[in-house]
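# Structure assessment
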Amino acid sequence: MSIQTVGIIGAGTMGNGIAQACAVVGLRVVMVDISETAVAKGLATIAGSLDRLIKKDKLTAAQKDAALALITTATDYAALAGAQIVIEAATENEALKVRILQQLDAQLAPEVIVATNTSSISITKLAAATQRADRFIGMHFFNPVPMMALVEIIRGLQTSDATHEAVKALSQRLGKSPITVKNAPGFVVNRILIPMINEAFFVLAEGIATPEDIDAGMKLGCNQPIGPLALADMIGLDVCLAVMNVYMAEYNDSKYRPAPLLKEMVAAGWLGRKSGRGVYTY
């Protein structure tokens, strides 16, 4: 399959990042969200991101204009009619994703591939909610999408080889380095990463070290570019908690018990950078 037009559901952080990554390599993009305000905000974010690349001499003004010209926005799934693949990048909520995917399924031509950008939800389960399970796959991008090289390509039990190869080729065209992953809660990266972050909250709650020293320890001792608590603030504490809850429900293993401090901070609305306060204050 030759992919020339990519539909994207969601104009938020992940959606607009994916849209930018597609447009800068010459793919047409249709970015859909629930309101004109949402898509306008997403488009403005892309323009700002491209401006920063120009300032760093990684992009020219002409390339920025060309990329933005390839992006159209809409609030109706009917605008996706010309897409060969649609990437759903809505909030990490299973019920919401199922509802969106079923609406898409009814709207799109049978041959269109549907991918979901999820960090923890079962691809097999989401695929079963559609009538195109063999043409359904996971594409887990990492934030910030334009800068991060990795894409986890997750095959559900039903995903066809042709679908996998088409999505792998698309990922490579975007300049990403894809890895193929079997369907399992958390896949590879988050299966390792989020429990590490959760453990950092246990360490913090026990008063073993300050947030700054916990992060400095992991940066200097493990060569991580950012400490686990600062990373949690960047990801969103609510997202970290949601992923841990998925692991606990799926594996029924106490090692995935969310740290009580993490739960309490989410209950307080301290979600990290996006709320202005998490482990740190922004």
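The rules behind each value
- Residues numbered from 1 in each chain as written.
- Predicted model: local features only at pLDDT ≥ 70, side-chain atom pairs only at ≥ 80, totals over all residues.
- Heavy atoms only, no water.
- UniProt positions renumbered as here; feature names shortened; annotations may be inferred.
- Helix = DSSP H or I, 4+ residues; strand = E, 2+ residues; numbered from the N terminus.
- Rg over C-alpha atoms; globule rule 2.2 N^0.38 Å.
- Buried < 20%, exposed > 50% of the residue type's maximum accessible area, 1.4 Å probe, protein only.
- Phe/Tyr/Trp six-rings, centres within 6.5 Å; stacked < 30°, edge-to-face > 60°.
- Domains from an automatic or database assignment.
- Contact = heavy atoms within 4.5 Å.
- Patch = residues over 30% accessible without salt bridge, like charges linked within 9 Å, V, L, I, M, F, W, Y side chains within 5 Å.
- Areas by Shrake-Rupley, 256 points an atom, 1.4 Å probe, with all protein chains shown as cover.
- Salt bridge = Lys/Arg side-chain N within 4 Å of Asp/Glu carboxyl O.
- Expected span 1.5 Å × (residues − 1).
- Arc of directions from axis to C-beta.
- Core = buried A, V, L, I, M, F, W, Y, C linked by side-chain atoms within 4.5 Å.
- Axes fitted to C-alpha atoms, helices over the stretch in contact; angles between N-to-C directions.
- Parallel < 35°, antiparallel > 145°, perpendicular 65-115°, else oblique.
- Left-handed = near helix turned anticlockwise from the far one by under 90°.
- Nonpolar A, V, L, I, M, F, W, Y, C, P; charged D, E, K, R; others polar.

The protein has the name 3-hydroxybutyryl-CoA dehydrogenase in an unreviewed UniProt entry, where Leptothrix cholodnii is given as its organism. The record held by UniProt for the protein lists under Sequence similarities (unreviewed entry) the comment "Belongs to the 3-hydroxyacyl-CoA dehydrogenase family."

### Quick notes on the overall build of the protein
Scanning the protein from terminus to terminus reveals 11 helices and 8 strands. A compact globule built from 282 residues would reach a C-alpha radius of gyration of about 19 Å, and the protein, at 19 Å, matches this within 12%. Along the three orthogonal principal directions, the C-alpha set of the protein runs to about 55 × 45 × 30 Å. Burial statistics for the protein: of 282 residues in total, 47% are counted as buried.

### A word on the packing of aromatic side chains
Within this structure, the stated rule accounts for 3 aromatic pairs. With a centroid separation of 5.5 Å and 65° between ring planes, the pair formed by Tyr-247 and Tyr-256 is classed as edge-to-face. You can call Tyr-247 buried: its relative accessible area is 0%. Judged by its relative accessible area of 4%, Tyr-256 falls in the buried class. One aromatic cluster is present, formed by Tyr-247, Tyr-251 and Tyr-256 through successive ring pairs.

### Digging into the domain arrangement of the protein
What the domain assignment lists for the protein is domain 1 (5-182) and domain 2 (190-274). For domain 1 and domain 2, the distance between their C-alpha centroids amounts to 27 Å.

### Examining the UniProt feature "binding site: CoA" (unreviewed entry) in the protein
As annotated by UniProt and renumbered to match this structure, "binding site: CoA" (unreviewed entry) occupies Ser-49, Lys-56 and Ser-119. With a sequence span of 71 residues, these residues are also far apart in the fold, their greatest C-alpha distance being 30.3 Å. Mapped onto the elements of the fold, Lys-56 is located in the loop between α2 (36-55) and α3 (61-69). With near-sequence residues (within four places) excluded, Ser-119 lies in contact with Glu-92, His-140, Gly-186, Phe-187, Asn-190 and Val-243.

### Looking at a nonpolar patch on the surface
On the surface, a cluster of nonpolar side chains totalling about 250 Å² of accessible area is made up of Ile-179, Val-188 and Ile-192. Position of Ile-192 relative to the elements: it lies in helix α7 (residues 189-205). A relative accessible area of 60% means that Ile-192 is categorised as exposed.

### Focus on unusual backbone geometry
Cis geometry marks the peptide bond from Asn-143 to Pro-144; its omega dihedral reads 0°. When you line up the elements, Pro-144 lands in the loop between β6 (136-141) and β7 (150-155). Of note, Asp-57 is a non-glycine position whose phi angle comes to about 60°, a positive value. Tracing the sequence through the fold places Asp-57 in the loop between α2 and α3. Backbone geometry places Phe-187, a non-glycine residue, at a positive phi of 55°. Looking at the secondary structure, you find Phe-187 in the loop between β8 (177-182) and α7. Owing to a relative accessible area of 5%, Phe-187 belongs among the buried residues under this scheme.

### Regarding helix α6 (residues 161-173)
The end-to-end C-alpha separation of α6 is 18 Å, in line with the 18 Å expected for 13 residues at 1.5 Å each. Every buried residue of α6 is listed here: Thr-163, His-164, Ala-166, Val-167, Leu-170 and Ser-171. Angularly, the buried residues of α6 cover 165° about the axis, an arc narrow enough to put them on a single face. In α6, the exposed positions angled more than 90 degrees off the buried face are occupied by Asp-161 and Ala-162. The inward-facing, buried residues of α6 abut β4 (85-88), β5 (113-116), β6, β7 and β8. Remark: Gly-175 follows α6 within two positions and exhibits a positive phi of approximately 85°.

### Comments concerning the nonpolar core
One finds Val-6, Ile-18, Ile-85, Ile-87, Met-139 and Phe-141 to be the most contacted residues of the largest nonpolar core, which totals 35 residues. Element by element, the count of residues in this core is highest for helix α1 (residues 13-23), at 6 residues. Once residues within four sequence positions are removed from consideration, Ile-85 is found in contact with Ile-3, Thr-5, Val-6, Gly-7, Val-112, Ile-113, Ala-115, Met-139, Val-167 and Leu-170. Residues Ala-200, Ala-230, Tyr-247 and Val-266 belong to the second largest nonpolar core, which totals 26 residues.

### Comments concerning the packing of α2 against α3
Relative to each other, α2 and α3 sit at 160°, their axes nearing to 10 Å. Relative to α3, the element α2 lies roughly antiparallel. Relative to α3, the crossing made by α2 is right-handed. Where α2 abuts α3, its residues Leu-43, Ile-46, Ala-47, Leu-50, Asp-51 and Ile-54 lie against Ala-61, Lys-64, Ala-67 and Leu-68. Its residues assigned to classes, the contact of α2 with α3 comprises 8 nonpolar, no polar and 2 charged.

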